[in-house]
Amino acid sequence: MKTLVVDHPLVAHKLTALRDARTDSQTFRRLTDELVTLLAYEATRDVRVTEVTVETPVAEAHGVRLARPAPLVVPILRAGLGMLEGMTRLLPTAEVGFLGMIRDEGTLKAETYATRLPEDISGRQCYVLDPMLATGGTLAAAVSLLFDRGTEDITALCLVSSPEGVAHMERVFGGGGRPLRLVTAALDERLNEAGYIVPGLGDAGDRLYGVA
Ligand SMILES: O=P(O)(O)OC[C@H]1O[C@H](OP(=O)(O)OP(=O)(O)O)[C@H](O)[C@@H]1O
Ligand SMILES: O=c1cc[nH]c(=O)[nH]1
Ligand SMILES: [Mg+2]
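These numbers come from a predicted model, not from an experiment.

## Focus on the UniProt feature "domain: Phosphoribosyltransferase" (unreviewed entry) in the protein chain
- In the UniProt entry, the feature "domain: Phosphoribosyltransferase" (unreviewed entry) is given for residues 5-210.
- For residues 5-210, helix accounts for 32% and strand for 31%, while the C-alpha atoms at its two ends are 28 Å apart.

This is the structure we're talking about:
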């Protein structure tokens, strides 16, 4: 797995405001949306394109458009939903599938409660959205499911990642196989005893949508 920590002052500025416990839900949602747009720029660097020619008012111009089959964007519910609009704004032809996953806060194991994906996702480039990569259990389960369904390559976009989560993903998917990339706005210090990222930003789902 290739990991990219996006190093950009605008990303750092918005992430700092997002982390701030005083930031309200409305602002948290806006900042999440803005951060995704910035991460998406890096995350889609290898998106497949097809060469096309268009007529400008002056002459023929050679360019590209997004290739078919369209990319697949998969937010992991709930918190990943906060990243969806920012991503599809940049990838308007993308299809969207949904994975509902919840981490048991006692065992820290991820459970899948909903899977709604297009029928055929074989050969697709896939962008998985989840603001938090903590133990890595949730993202690893999502990536395994998508690879099992035939996805060609996967890029995960996370706002905050932990070293433990990245190490878990590398352990599970490091042995080659299909391409996997992680694009994250921050690699934090560690996990605490409760499995929360330190310093992190708290519970992303609760901060986006209120306490579940
Ligand atoms: O890396 P892990 O240790 O698996 O933890 C990360 C997961 O926990 C959070 O979701 P949560 O289970 O709280 O669900 P929610 O989005 O509905 O709040 C977060 O959005 C990730 O999906
Ligand atoms: O820090 C964390 C860990 C898991 N889930 C979150 O929302 N935040
Ligand atoms: Mg949550």
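## Concerning helix H1 (residues 9-19)
- All of the buried residues in H1 are Val11, Lys14, Leu15 and Leu18. Projected down its long axis, H1 shows its buried positions confined to an angular sector of 100°, all on one face. Across H1 from its buried face, at more than 90 degrees, point the exposed residues Pro9, His13 and Thr16.

## A look at the packing of H1 against helix H2 (residues 25-43)
- Relative orientation of the contacting elements H1 and H2 amounts to 155°, with a least axis distance of 10 Å. In terms of orientation, H1 lies roughly antiparallel with respect to H2. Judged by the sense of rotation from one axis to the other, the crossing of H1 with H2 is left-handed. Contacts from Leu10, Val11, Lys14, Leu15, Ala17 and Leu18 of H1 reach H2 at Phe28, Leu31, Thr32, Glu34, Leu35 and Leu38.
- Counted by class, the contact of H1 with H2 contains 9 nonpolar, 1 polar and 2 charged residues.

## Here's the deal with the environment of Val183
- Summarising the element assignment, Val183 is placed in strand S11 (residues 180-187).
- Classification of Val183 as buried rests on a relative accessible area of 0%.
- Between the C-alpha atom of Val183 and that of Thr155, which follows or precedes it by 28 residues, the distance is 7.2 Å.
- Residue contacts for Val183: discarding those within four places in its chain leaves Leu4, Val6, Leu39, Glu42, Ala43, Thr155, Ala156, Leu157 and Cys158.

## Considerations on the packing of helix H4 (residues 137-148) against helix H5 (residues 163-173)
- Put simply, H4 and H5 touch, their axes get as near as 9 Å, and they point 30° apart. For the element pair H4 / H5, the angle class is roughly parallel. Once H4 is placed against H5, the crossing between them reads as right-handed. Counting all contacts with H4, which are made through Gly137, Leu139, Ala140, Val143, Ser144 and Phe147, the residues of H5 involved are His168, Met169 and Phe173.

## Some words on unusual backbone geometry
- Geometrically, the link from Leu77 to Arg78 is a cis peptide bond, its omega value of -10° lying close to zero.
- With respect to the element layout, Arg78 can be found in the loop between strand S4 (72-77) and helix H3 (84-90).
- For the peptide bond that leads from Val198 to Pro199, omega is 0°, which places it in the cis range.
- Positive phi is not limited to glycine here, since Leu108 has a value of about 65°.
- With respect to the secondary-structure elements, Leu108 resides in the loop between strand S6 (98-103) and strand S7 (110-116).
- Residue classification places Leu108 among the partly exposed positions, given a relative accessible area of 22%.

## Comments concerning the nonpolar core
- Leu18, Val73, Met87 and Leu157 are the most contacted members of the largest nonpolar core, which totals 34 residues.
- Contributions of two or more residues to this core are made by H1, H2, H3, strand S8 (125-129), strand S10 (153-161), S11 and helix H6 (204-209).
- Sort the elements by how many residues they give to this core and H2 lands first, with 7 residues.
- Leave out the neighbours within four places in its chain, and Leu157 touches Leu39, Ala40, Ala43, Met83, Met87, Tyr127, Val128, Leu129, Asp130 and Val183.
- The next biggest cluster of nonpolar side chains, apart from the first, holds 25 residues, and it includes Leu117, Val128, Leu133 and Leu146.

Conventions and cut-offs
Residues numbered from 1 in each chain as written. Chains lettered and ligands numbered in written order. Predicted model: local features only at pLDDT ≥ 70, side-chain atom pairs only at ≥ 80, totals over all residues. Heavy atoms only, no water. UniProt positions renumbered as here; feature names shortened; annotations may be inferred. Helix = DSSP H or I, 4+ residues; strand = E, 2+ residues; numbered from the N terminus. Buried < 20%, exposed > 50% of the residue type's maximum accessible area, 1.4 Å probe, protein only. Arc of directions from axis to C-beta. Axes fitted to C-alpha atoms, helices over the stretch in contact; angles between N-to-C directions. Parallel < 35°, antiparallel > 145°, perpendicular 65-115°, else oblique. Left-handed = near helix turned anticlockwise from the far one by under 90°. Contact = heavy atoms within 4.5 Å. Nonpolar A, V, L, I, M, F, W, Y, C, P; charged D, E, K, R; others polar. Core = buried A, V, L, I, M, F, W, Y, C linked by side-chain atoms within 4.5 Å.

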